[in-house]
Every structure is written in structure tokens, then in C-alpha cells.
Amino acid sequence: MPVENGDTAGQRGQQVNGEVSGTPRLRGMGDPLLQDTRAPDSSRTEVMAARWESGPVLGDEDGTPGGAPQRAGQPEEALMTELSELVQKVVKRSSWWERHGVDISILACSFLLLPAGFLCLRSAQTIPFLAGVLTLGVVHHTLTVKGSHLASHNALTESKSWGKVWAIFFIELCSAFTVEQATYNHVKIHHGYTNVIGLGDSSTWKLPFLNRYVYMFIAPLAVPILTPLVALDLLRNVEWKAALRTLCCMFLGFYCHYWLLLHISGFQSPWSALLCMLLTRSLLAHPYIHVNIFQHIGLPMFAADRKPKRIHLMSLGVLNLPRNALLDWSFGHSLISCHVEHHLFPSLSDNMCLKIKPIVSQYLKQKKLPYNEDSYGSRLRLFLQRYEELMVHAPPITELVGIQ
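The rules behind each value
- Residue numbering note: each chain is counted from 1, following its sequence as written.
- Restriction of local features to residues with pLDDT of at least 70 applies here, the model being predicted, together with a cutoff of 80 or more for giving and counting side-chain atom pairs; totals for whole chains, interfaces and linings are based on all residues.
- Derived side-chain values reflect all non-hydrogen atoms in the structure, with water molecules and hydrogen atoms excluded from consideration.
- What is meant by a nonpolar core is a set of buried Ala, Val, Leu, Ile, Met, Phe, Trp, Tyr and Cys residues, joined one to another through side-chain atoms within 4.5 Å.
- Here's how the labels work: a residue is buried when its accessible area is under 20% of the maximum for its type, exposed when over 50%, partly exposed in between, all with a 1.4 Å probe on protein chains only.
- Every residue pair with non-hydrogen atoms within 4.5 Å of one another is taken to be in contact.
- A pair of Phe, Tyr and Trp rings is counted when the ring centres sit within 6.5 Å of each other, with Trp represented by its six-membered ring. The angle between the planes then sorts it: under 30 degrees is stacked, over 60 is edge-to-face, the rest tilted.
- Each helix is a run of H or I in the DSSP string that is no shorter than four residues. Each strand is a run of E no shorter than two, and both are numbered from the N terminus.
- UniProt positions are given in the numbering used here, feature names are shortened, and annotations may be inferred rather than shown by experiment.
- Structural elements are reduced to axes, namely lines fitted to C-alpha atoms, with helices fitted over the stretch in contact, and the angle between N-to-C directions of any two is expressed from 0 to 180 degrees.
- Each crossing gets its hand from how the near helix is turned against the far one by less than a right angle, where anticlockwise is left-handed and clockwise is right-handed.
- The classification used treats Ala, Val, Leu, Ile, Met, Phe, Trp, Tyr, Cys and Pro as nonpolar, Asp, Glu, Lys and Arg as charged, and all other residues, Gly among them, as polar.
- N or O atoms within 3.5 Å of each other form a polar contact, as long as, within protein, one can give a hydrogen and the other can take it, and as long as residues adjacent in sequence are counted only when both atoms are side-chain atoms.
- For patch building, the residue pool is restricted to those with more than 30% relative accessible area and no salt bridge; the joining distance is 9 Å between like charges and 5 Å between nonpolar side chains (Val, Leu, Ile, Met, Phe, Trp, Tyr).
- The Shrake-Rupley method, run with a 1.4 Å probe, gives the accessible areas here. Residue values count only the displayed protein chains as cover.
- By salt bridge we mean one thing: a side-chain nitrogen of Lys or Arg within 4 Å of a carboxyl oxygen of Asp or Glu.
- Orientation categories follow fixed angle ranges, with anything under 35 degrees roughly parallel, anything over 145 roughly antiparallel, 65 to 115 roughly perpendicular, and all other angles oblique.

To continue, consider the nonpolar core. Counting residues in each nonpolar core, the largest one holds 25 residues, and the members touching the most others are Ile311, Leu344, Phe345, Val360 and Leu364. Ignoring anything within four residues of it in the chain, the contact list for Val360 reads Leu83, Val87, Glu341, Leu344, Phe345 and Tyr371. Counting 18 residues, the second largest nonpolar core, distinct from the first, contains Leu150, Ala151, Leu156 and Cys174.

Set out below in C-alpha cells:
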């Protein structure tokens with residue numbers, strides 16, 4: 001993706017009471033408070049940038065190309081190692097129930113709710129019918145978002161063999177996507193190159209030909225239709241055996257849902273069953289799209305050959321949203337209130353991300369590193385106000401010493 005040139009500055013988090021919020025400040029982008037002046041409060045991003053040393057170092061230890069600027073007085077490797085040791089102590093003291101059992105139980109409960117959801121749809125009364133739609137919608141997103149996300153990181157089990165089985169079940173059967181492409185795009189690219197221009201900068205979520213209101217409020221309804229279409233297109237990039245397996249799983253998942261609506265829920269026509277499928281599968285599509293853009297776009301972006309190392313990359317380019325009972329259950333903590341923790345330690349389950357959250361937040365703040373947090377409503381207002389800047393134009397490279 002081409003990078004904007006000129007005097008456009010990088011994105012900065014607002015500093016409020018000494019902490020960086022997730023609301024970026026864009027200089028030279030039409031904000032009257034920031035034109036030709038700098039805000040009275042300098043952000044922690046800028047303070048940290050002033051402490052970094054520039055240097056043309058390539059090939060850092062995390063296996064991804066990029067620069068390795070060091071923070072004065074303490075190498076970045078030491079920061080990540082120290083934090084990892086603190087987290088590892090918590091993981092070792094945690095039981096299997098805490099590491100995997102809690103999230104497996106949530107997924108199991110979702111399966112157990114399926115019969116009640118399909119039976120509620122048999123009712124001719126409005127309230128039971130809507131209860132059925134709500135139940136199936138929440139269950140669908142729990143299996144396809146939370147289940148698929150955990151399975152893609154092999155966070156449901158410590159066995160690689162069972163991890164592969166769960167990945168096929170949740171990603172291909174439930175979500176109608178191919179495991180190989182989902183894992184590559186999410187784990188290898190998005191996590192390996194978080195907020196790196198042209199790689200993990202979340203540009204796949206951008207549809208610049210749509211205006212802000214269509215994108216934010218209407219386009220999400222098409223997610224259940226677009227997902228399998230994109231998956232079918234990506235099958236060209238996998239081996240024929242994997243493509244055949246994916247096609248079989250996708251067909252089985254769709255047909256089971258359709259058959260249950262006809263024979264258990266009592267729908268009389270194919271079109272009414274398909275419409276109900278679309279309704280339930282798009283029930284939480286709006287927060288799904290919003291969460292995917294809120295937590296990265298609008299935060300600092302980096303060039304591939306001059307990016308900071310892991311701990312700075314994740315603390316600068318990832319944002320946490322507040323806890324929300326519905327989204328915590330359906331999407332998981334690692335996608336909502338513990339996204340920073342998840343990007344630092346992606347193999348941990350949702351429950352473990354929640355458990356290590358106090359340690360990670362305290363450590364980052366102690367080391368004067370950003371710990372980005374913002375509310376859902378604040379991010380929504382930001383994207384509606386600055387949609388052109390954030391979702392249409394190419395993102396600027398962040399102004400950090402040794403980066404730009």
C-alpha cells in the first residue's frame with residue numbers, strides 16, 4: 001500500500017493523567033487544534049520516540065525483518081524477556097481449568113444452547129421467536145469468532161494434533177473458511193507484522209469505495225455472504241486436498257444449519273430458512289467489523305524495514321476495549337479487553353489473557369510504554385468523524401526516531 005508523503009505526521013495517542021488513551025491525534029489532517037501547533041500535552045509515544053536510538057539494524061530476533069532501535073539504558077530484548085518471565089510464572093501456577101477449561105466450557109455451553117435456539121424458532125409468538133434468533137446468533141458468533149480465533153492459535157489444547165482437529169472444526173465447518181489461509185493471514189501476517197504498512201496493517205478491512213455510514217452500519221450485514229466467497233477465492237492458493245476438505249466442511253456446515261431450520265424449527269420454505277440463516281449469522285456482524293478496525297487502525301503504523309521490536313510494536317499498535325459481557329462471551333477476552341495481552345502472548349487462551357492483564361498493564365506503565373485503552377463509543381465516534389483519514393487514505397508512517 002502506498003504511504004502518504006508530505007508533512008503528514010504519525011498518529012499519536014492522547015495522554016490523559018499520564019496514560020495514553022486509544023484516541024489518536026493526527027497533525028496536519030484538518031484538526032484546528034493541531035494545525036501548525038503541537039498539543040500542550042506530548043504523548044507517551046513522542047516521549048518514548050525521543051529516547052530511542054536510530055540505527056540501520058536488519059533482521060531482528062523475532063524472525064521478521066525490521067529495525068531494532070534500542071531504548072536508552074535497556075535493550076528491548078531484555079524488556080520482553082522480563083515480561084515473559086513474569087507471565088510464565090503465572091501460567092505455570094495456573095491449573096488446566098484456568099489455561100483451557102474455562103474457554104472450552106464456554107464453547108461447550110454454546111453447543112448445548114443450540115437445541116433451545118432451534119426449538120424457539122418453532123414458536124409463532126414474537127418473543128420466543130426473537131429469543132431463538134438471539135440464541136442462535138450468539139452461539140454462531142461464539143463458535144465462529146471465539147472458537148476459530150482460539151483454534152487458529154492452538155490455544156484450546158496443548159496437543160498439536162487435537163489443535164488441528166479443532167481448527168478444522170471451528171474454522172472450516174463453523175466459519176466456512178480454510179484453515180491454511182486463516183492461519184497464515186492472521187497468525188503469520190497480522191501477528192507477525194502488526195501495524196506494518198503493506199503487511200499487518202489491517203488494510204484488508206478497508207473498503208474505500210464505501211462511505212462511512214454504509215461501511216459502519218450496512219456493509220456488516222453482508223459478512224455471512226462475503227466470508228465464504230472470499231474463502232472460495234483463496235482456495236486457489238492451497239493444495240487440492242486441503243481445498244477439497246474445506247469445500248466438504250463448508251457444505252456440511254451450511255447444510256446442517258439449513259436442514260435443522262427446516263426440520264427442527266419448522267420453516268416451510270427454503271427462502272425463509274435462508275433468510276433466518278442470514279439474520280442469525282449477521283446478528284453480531286457490526287461489532288465484529290468494528291472491533292477488527294478499532295483496535296489497530298488509527299494507531300501508529302510502521303515501515304517494514306524500520307519497525308520497532310515486538311514489545312514496542314505491540315504496545316504502540318494495539319488497543320484494548322472495555323469489558324462487555326456479550327462480546328466477552330461471543331468474541332473472547334483476547335479480542336476485546338485483553339487484545340494487547342493477546343498480541344504479546346498469542347498462544348494463551350482468553351481466560352489466561354484476562355488473568356495476566358494486571359501484570360502486563362502494570363509492567364508496560366512501569367516501563368513508560370503505552371498501554372492503549374479506549375471505549376467502544378469513543379472509537380466509533382472517532383471513525384465516523386475521521387473515516388476518510390483512517391479508512392480511505394493510506395496511513396502515514398509514524399514519526400519515530402529511526403523509523404521515518
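Turning to the packing of aromatic side chains, a few remarks are in order. Summed over the entire model, instances satisfying the criterion amount to 11 aromatic pairs. Here Trp166 and Phe170 contribute two aromatic rings whose centre-to-centre distance is 5.8 Å and whose plane-to-plane angle is 35°, an arrangement assigned as tilted. Placement of both Trp166 and Phe170 in helix α5 (residues 160-174) is noted, with a separation of 4 residues, approximately one turn of the helix. When its relative accessible area of 34% is taken as the criterion, Trp166 is described as partly exposed. Ring geometry for Phe251 versus Tyr255: centroids 5.8 Å apart, planes at 15°, classification stacked. With Phe251 and Tyr255 both in helix α9 (residues 240-263), this residue pair falls 4 residues apart, about one helical turn. Owing to a relative accessible area of 58%, Phe251 belongs among the exposed residues under this scheme. The class of Tyr255 is partly exposed, set by a relative accessible area of 41%. Within the aromatic cluster, the residues linked to one another by ring pairs are Phe111, Trp162, Trp166, Phe169 and Phe170.

With a phi close to 55°, Asn154 is a non-glycine residue in the positive phi region. Among the structural elements, Asn154 can be located in the loop between α4 (126-152) and α5. By relative accessible area, which is 27% here, Asn154 ends up partly exposed. Positive phi, close to 60°, is recorded for Ala176, a residue that is not glycine. When its relative accessible area of 3% is taken as the criterion, Ala176 is described as buried.

Now for the UniProt feature "transmembrane region" (unreviewed entry) in the chain. As recorded in UniProt, the sites labelled "transmembrane region" (unreviewed entry) are residues 213-235 and 242-264. Each end of residues 213-235 is marked by a C-alpha atom, and these two atoms are 32 Å apart; helix forms 78% of the span and strand 0%. Across residues 242-264, helical content stands at 96% and strand content at 0%; the span's end C-alpha atoms are separated by 32 Å.

Time to look at the packing of α4 against α5. Two numbers describe how α4 lies on α5: the axes approach to 9 Å, and their chain directions differ by 145°. For the element pair α4 and α5, the recorded crossing hand is left-handed. On α5, the residues that touch His140, Leu143, Thr144, Gly147, Ser148, Ala151 and Ser152 of α4 are Gly163, Trp166, Ala167, Phe170, Ile171 and Cys174. Split by residue class, the contact of α4 with α5 holds 7 nonpolar, 6 polar and no charged.

Topologically, His140 is positioned in helix α4. The residues touching His140, leaving out its near neighbours within four places in the chain, are Cys174, Thr280 and Arg281.

What follows concerns the environment of Ser334. With respect to the element layout, Ser334 can be found in the loop between α13 (325-330) and α14 (339-344). As for Ser334 and Ser349, which are separated by 15 residues in sequence, their C-alpha atoms are 7.6 Å apart. Sequence-distant contacts of Ser334, defined by excluding residues within four places in its chain, comprise His149, His339, His342, Asp350 and Cys353. Engagement of the side chain of Ser334 in a polar contact is seen with the side chain of Asp350, the distance being 2.4 Å.

With that settled, consider a nonpolar patch on the surface. Residues Ile225, Leu226, Leu229, Val230, Leu232 and Leu247 make up a contiguous nonpolar surface patch of roughly 510 Å² in combined accessible area. The greatest single-element share of the nonpolar patch, amounting to 5 residues, is contributed by helix α8 (residues 223-234). With respect to the secondary-structure elements, Leu247 resides in helix α9.

Between two packed helices, both the angle of their axes relative to each other and the distance between the axes serve to describe the pair. Direction vectors running N to C along α5 and α9 enclose 60°, while the axes themselves pass 8 Å from each other. Between α5 and α9, the angle falls in the class oblique. Mapping the contact onto sequence places Lys164, Ile168, Glu172 and Leu173 in α5 and Arg245, Thr246, Cys249, Met250, Leu252 and Gly253 in α9. Per-class residue counts for the contact of α5 with α9 are 5 nonpolar, 2 polar and 3 charged.

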